[in-house]
4 protein chains.
Amino acid sequence: MVKKPAPDSARRSERSRRAIYDAALALVAEVGYPRTTIEGIAARAGVGKQTIYRWWESKADVLLEAFLDLSEQASRDAGPEYGFAIPDTGDLAADLKAVLRLTVDQLGDPRFEAPSRALAAEGVVNEQLGRVFVAKLLEPSLQLYVDRVRAAQSAGQVRRDVDPRIALELWVSPLAQRWLQHTGPISYDYTDTLVEYALNGLAPRTPDVPSGPSGTPEHGPVGP
Amino acid sequence: MVKKPAPDSARRSERSRRAIYDAALALVAEVGYPRTTIEGIAARAGVGKQTIYRWWESKADVLLEAFLDLSEQASRDAGPEYGFAIPDTGDLAADLKAVLRLTVDQLGDPRFEAPSRALAAEGVVNEQLGRVFVAKLLEPSLQLYVDRVRAAQSAGQVRRDVDPRIALELWVSPLAQRWLQHTGPISYDYTDTLVEYALNGLAPRTPDVPSGPSGTPEHGPVGP
Amino acid sequence: MVKKPAPDSARRSERSRRAIYDAALALVAEVGYPRTTIEGIAARAGVGKQTIYRWWESKADVLLEAFLDLSEQASRDAGPEYGFAIPDTGDLAADLKAVLRLTVDQLGDPRFEAPSRALAAEGVVNEQLGRVFVAKLLEPSLQLYVDRVRAAQSAGQVRRDVDPRIALELWVSPLAQRWLQHTGPISYDYTDTLVEYALNGLAPRTPDVPSGPSGTPEHGPVGP
Amino acid sequence: MVKKPAPDSARRSERSRRAIYDAALALVAEVGYPRTTIEGIAARAGVGKQTIYRWWESKADVLLEAFLDLSEQASRDAGPEYGFAIPDTGDLAADLKAVLRLTVDQLGDPRFEAPSRALAAEGVVNEQLGRVFVAKLLEPSLQLYVDRVRAAQSAGQVRRDVDPRIALELWVSPLAQRWLQHTGPISYDYTDTLVEYALNGLAPRTPDVPSGPSGTPEHGPVGP
DNA sequence: TACTAATCGAGACGGTACGTCGGGTCTTAAT
DNA sequence: ATTAAGACCCGACGTACCGTCTCGATTAGTA
């Protein structure tokens with residue numbers, strides 16, 4: 001992530017690095033991302049500006065690393081041995097609902113909200129940073145859903161021809177969009193509903209009784 | 001939105017307003033949002049800085065109005081009588097796929113991409129602006145889906161207990177997230193798949209007929 | 001003093017003119033000349049900016065006229081019939097001292113100080129205005145000294161080869177400089193001393209007769 | 001004179017300081033004081049505006065220092081060993097006339113005129129700056145007159161009860177006023193006359209010899 | 001007395017400069 | 001060699017006024 005004639009990272013001051021992380025996160029939480037300045041971070045961290053410019057390319061870069069560090073720390077604290085996973089009780093719907101409820105809680109945690117909003121916003125406009133953000137923070141979480149969906153496929157609860165990476169977006173993206181863009185309220189009910197819609201679809205279940213005239217004959221040759 | 005001793009909007013210079021819109025959109029497209037400055041907009045528009053500060057509160061505000069104006073213009077040009085609508089051929093899936101393909105095209109249009117990304121990003125971090133952005137630009141479009149889903153409910157193609165406002169997020173939000181956060185590629189195949197997953201659900205169709213090879217054989221194993 | 005395509009002064013609003021004079025003098029006294037602005041004068045006078053620009057060329061111009069008006073008013077109030085004059089009691093030294101003491105008082109009058117300092121300062125740097133200032137305000141006063149000195153010459157108290165216009169500078173200019181440039185304190189003693197030095201010269205009187213009655217026995221060892 | 005968390009003057013850029021002095025003096029000479037802007041000085045000096053604001057409080061402050069520097073330089077160039085002095089040939093009148101003629105020349109030197117007028121004008125209105133101007137630039141010159149007058153007193157050419165600080169104003173102030181306020185022309189004749197009037201006074205010399213009334217016996221080698 | 005043209009209060013406009021903030025580079029001294 | 005400190009050049013900020021330019025609404029002098 002650093003491009004300059006790489007300084008000697010062996011001599012790097014660990015103390016300064018930590019102080020910078022702390023200052024950056026604190027400032028973003030306190031005054032918001034746009035009013036967080038490199039000078040401000042340096043001053044708060046008791047560090048020279050050059051120390052920041054030496055090791056990072058931009059304000060966003062600093063915050064990204066700081067937030068990554070925070071996340072690692074959090075997951076180390078939370079799960080000593082395993083790094084989070086989605087439970088598998090055999091009931092996919094229930095498992096997803098449970099995890100999404102935790103996510104709802106986390107999205108409201110002010111400790112995470114300010115920096116993650118800031119990074120997400122920066123990522124919208126700055127593709128390079130956006131990709132790092134996604135790769136380092138988002139994808140690992142999404143992968144857990146991929147795994148869980150695969151397990152459900154093995155258990156016959158999800159059709160085998162479904163692409164798990166796309167499937168998970170049916171519940172993850174709506175929640176993400178509501179949070180990111182303030183397009184709607186976020187609640188347990190909401191996420192529960194998403195899971196149900198996603199697993200069951202919107203179309204009426206073909207009445208297992210052949211008599212049913214309705215159905216959805218019009219779209220796609222569902223069934224013979 | 002203006003706080004100072006409200007300027008007299010009757011005497012406002014229409015010429016300047018248009019020039020400012022044009023300059024703002026052009027600059028965002030050319031150098032990107034963060035490098036677009038109010039000073040730059042004023043200079044390019046041949047306008048005094050104060051004329052911008054008199055009528056808008058911030059750079060984001062200017063761009064938002066400029067973009068709104070652009071959109072209105074576009075929809076006026078496009079649909080003389082009706083302001084866009086989702087076709088209703090009777091086949092919900094087909095209609096949604098068609099509209100989403102248009103959306104995919106539009107998301108790639110550089111004319112719209114720069115300003116809408118910029119505004120979306122700003123809205124992530126600036127809730128006030130975000131809400132205006134959503135209310136003025138996003139919701140009107142989403143409302144069209146609500147209407148179409150309601151029609152489908154009347155036609156018996158969608159369960160009556162489904163909330164259309166949530167339903168539409170099953171295909172809109174995934175697309176939105178991939179575009180906003182660069183979480184994945186965007187293609188016709190992708191949006192087609194979203195529509196199918198959303199309408200049919202992920203769970204296997206209750207095998208109404210034991211022999212039934214149900215599922216959705218037509219589109220095979222989608223995904224990367 | 002006005003160069004533009006002369007507006008019709010017959011239609012000029014006397015009310016506005018007076019309000020502008022008052023506002024200008026008040027502002028200069030309150031906030032000082034540099035922080036007195038045309039906009040400020042207009043606002044305070046309840047007058048449109050154009051009304052000022054129509055009749056005056058510059059801030060200095062406005063103030064100059066306002067001050068001239070003030071002076072005329074003052075001299076009309078002070079001396080109904082005669083417009084100031086220096087007394088002629090036959091004792092030139094006494095007359096000059098008396099008038100200079102009045103001048104000392106006037107220089108300390110805050111009503112006059114702010115605007116006259118402002119105008120003097122402007123005149124230092126802006127020769128055109130300076131000349132008007134001198135011609136309209138300073139010279140008329142100096143002329144009174146010229147007259148008095150001429151009278152003294154007729155009375156044999158001042159040498160006939162002395163140029164009165166230069167002579168008066170011996171006491172006027174030192175006082176003026178101390179006031180303008182803050183080069184020294186101003187007091188009755190000081191002006192008295194100036195008159196004596198000027199009339200008697202600095203060189204020792206040739207002790208024509210040891211008992212000589214001339215000289216200036218009355219003022220003893222002046223100065224610190 | 002600086003109020004902010006005093007910058008470290010040890011690290012001050014000498015190069016910038018000189019460039020700022022040069023630019024300030026040049027601009028004042030070229031476009032006049034009021035049209036000389038801090039921005040202009042910075043641009044011409046190839047310096048950031050902040051570098052000016054860091055070390056000076058105002059435009060007047062910059063110019064004052066620049067002019068002080070110029071004067072020091074000039075006096076260093078002119079008199080390597082002694083820093084100017086008024087000659088003492090034994091003839092006070094002649095010595096004063098000589099020095100005043102030099103002053104007349106200097107007042108016409110465009111190199112000095114613009115900045116010194118500007119500073120004088122500023123000092124009229126801004127007492128703080130005025131006092132610095134006087135103390136640093138004016139008084140040192142006046143002191144030379146004080147010394148010369150004292151010497152004349154010792155030599156019996158000037159009365160012992162005369163205050164030299166006031167005496168010198170008899171010729172300095174008239175010249176100063178004519179120059180500052182454009183109240184009259186400046187010439188060698190004029191300054192010569194001032195010296196004669198000041199030394200001999202305006203009142204007729206007591207006719208030491210009843211016969212010789214005319215001529216100018218009065219100012220030659222004063223004293224018996 | 002009504003007409004009508006100039007002046008008036010008001011303030012938006014294109015500009016210039018202000019004084020401040022922060023970005024990113026560079027220098028210094030201390031560790 | 002890295003660090004804290006901070007001066008430096010630079011660009012943009014948001015504000016204050018400049019002097020010009022419309023706007024109705026008076027407001028005189030003329031018809």
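Residues numbered from 1 in each chain as written. Chains lettered and ligands numbered in written order. Predicted model: local features only at pLDDT ≥ 70, side-chain atom pairs only at ≥ 80, totals over all residues. Heavy atoms only, no water.

With an unreviewed UniProt entry as reference, chain A is termed TetR/AcrR family transcriptional regulator, source organism Streptomyces coacervatus.

**Notes on the protein's contact with DNA strand E**
Going by this rule: When at least one non-hydrogen atom of a residue lies within 4 Å of a molecule or strand, that residue is treated as near it. Any pair of nitrogen or oxygen atoms within 3.5 Å is treated as a polar contact; in protein, a donor-acceptor pairing is required on top of that, and neighbouring residues in sequence qualify only through side-chain atoms on both sides. Only DSSP runs of H or I with at least four residues qualify as helices, and only runs of E with at least two residues qualify as strands; both kinds are numbered from the N terminus onward. All residues other than Ala, Val, Leu, Ile, Met, Phe, Trp, Tyr, Cys, Pro, Asp, Glu, Lys and Arg, Gly among them, are scored as polar; the first ten of these are nonpolar and the last four charged.
Around DNA strand E lies a shell of 41 residues, among which Lys49(A), Gln50(A), Asp8(C), Thr51(C) and Tyr53(D) are the nearest. Expressed as a percentage, the sugar and phosphate content of the atoms of DNA strand E within 4 Å of the protein is 64%. Lys49(D) places a polar side-chain atom, nitrogen or oxygen, 2.8 Å from a base oxygen of DNA strand E. For the surface near DNA strand E, the elements supplying multiple residues, two or more each, are helix H2 (38-45) and helix H3 (49-55) of chain A, helix H3 (49-55) of chain B, helix H3 (49-55) of chain C together with helix H2 (38-45) and helix H3 (49-55) of chain D. By residue number, the principal contributor to the surface near DNA strand E is H3(B), which donates 5 residues. Of the residues that constitute the surface near DNA strand E, the class distribution is 10 nonpolar, 15 polar and 16 charged.

**Focus on the relation of the copies chain B and chain A**
The line we're drawing: The superposition of copies rests on a least-squares fit of C-alpha positions from residues with pLDDT of 70 or more in both. What makes two residues a contact is simply this: any of their non-hydrogen atoms within 4.5 Å.
The transform that puts chain B on chain A rotates by 180° and translates by 0.0 Å along the axis, for an RMSD of 0.1 Å. Expressed as a symmetry operation, the mapping of one chain copy onto the other fits a two-fold axis. Residue Gly201(B) of chain B places its C-alpha closer to the rotation axis than any other residue of that unit, at 1.6 Å. In this assembly, 88% of the residues forming the interface of chain B have copies in chain A that are likewise at the interface, indicating an isologous arrangement.

**Focus: the protein's contact with DNA strand F**
Around DNA strand F sit 42 residues, and of these Asp8(A), Tyr53(B), Lys49(C), Gln50(C) and Thr51(D) come closest. Considering the 4 Å shell around the protein, atoms of DNA strand F inside it are sugar or phosphate in 63% of instances. Here a base oxygen of DNA strand F sits 3.1 Å away from a polar atom, N or O, in the side chain of Arg11(B). Between DNA strand F and Ser16(D) there is a distance of 3.1 Å, counted from a phosphate oxygen to a side-chain nitrogen or oxygen. Taken together, the elements giving at least two residues each to the surface near DNA strand F come down to H3 of chain A, helix H2 (38-45) and H3 of chain B, helix H2 (38-45) and H3 of chain C together with H3 of chain D. By residue number, the principal contributor to the surface near DNA strand F is H3(D), which donates 5 residues. A class-by-class count of the residues in the surface near DNA strand F yields 10 nonpolar, 15 polar and 17 charged.

**Things to note about the packing of helix H6 (residues 110-125) of chain D against helix H7 (residues 127-154) of chain D**
Residue and element names in this part refer to chain D. To keep things clear, this is the line we draw: Here an angle of 0 to 180 degrees is reported between the N-to-C directions of two axes, which are lines fitted to C-alpha atoms, with helices fitted over the stretch in contact. Any angle between 65 and 115 degrees counts as roughly perpendicular, while under 35 counts as roughly parallel, over 145 as roughly antiparallel, and the rest as oblique. Crossings are classed by handedness, with left-handed meaning an anticlockwise turn of the near helix from the far one by less than a right angle and right-handed meaning a clockwise turn.
Look at H6 against H7: their axes get within 6 Å of each other, and the N-to-C directions meet at 130°. In terms of orientation, H6 and H7 fall into the oblique class. Viewed along their axes, H6 and H7 form a crossing whose handedness is left-handed. Along the contact surface, H6 presents Ser116, Leu119, Ala120, Glu122, Gly123 and Val125, while H7 presents Glu127, Leu129, Gly130 and Phe133.

**Re the relation of the copies chain C and chain D**
At an RMSD of 0.2 Å, chain C and chain D line up after a rotation of 179° and a shift of 0.0 Å along the axis. Most of the interface of chain C is mirrored in chain D, where 90% of its interface residues are also at the interface.

**Quick notes on the pattern of salt bridges**
Condition: Definition used for salt bridges: Asp or Glu carboxyl oxygen within 4 Å of a side-chain nitrogen of Lys or Arg.
A complete count under the given rule lists 56 salt bridges over all chains for this structure. The residue Asp88(D) makes a salt bridge to Arg148(D) at a minimum N-O spacing of 2.9 Å. With Asp88(D) in the loop between helix H4 (59-78) and helix H5 (92-108) and Arg148(D) in helix H7, this pair connects stretches of sequence that are 60 residues apart. Connected via shared salt-bridge partners are Glu139(A), Arg165(A), Glu169(A) and Arg178(B).

**Considering the interface of chain B and chain A**
As a reminder of what qualifies: For any pair of parts, buried area is found by adding up, for both, the accessible area (1.4 Å probe) each one loses once the two are put together.
Listed as interface residues are 65 residues of chain B and, on the opposing side, 58 residues of chain A. Both sides together, the interface formed by chain B and chain A hides about 5,700 Å², and carbon and sulfur atoms give 59% of it. At the boundary of chain B and chain A, one finds 2 salt bridges. Of the charged contacts, one joins Arg178(B) and Glu169(A) as a salt bridge, the two residues approaching to 2.7 Å between their closest N and O atoms.

**Some words on the interface of chain C and chain D**
Taken together, the contact between chain C and chain D spans 59 residues of the former and 53 residues of the latter. Buried surface at the junction of chain C and chain D, summed over both partners, amounts to about 5,100 Å²; 60% is from carbon and sulfur atoms. Contact with chain D buries area across many residues of chain C, yet Val124(C), Arg159(C) and Leu202(C) alone supply 15% of it, more than any other trio. Where chain C meets chain D, there are 2 salt bridges. Linking chain C with chain D are 24 residue pairs in polar contact (both at pLDDT 80 or more), by the criterion used here. When contributions to the side of chain C that touches chain D are tallied by element, the ones reaching two or more residues are helix H6 (110-125), helix H7 (127-154), helix H8 (164-167), helix H9 (169-181) and helix H10 (188-200) of chain C. No other element matches H9(C), which puts 11 residues into the side of chain C that touches chain D. A per-class count over the side of chain C that touches chain D returns 30 nonpolar, 17 polar and 12 charged.

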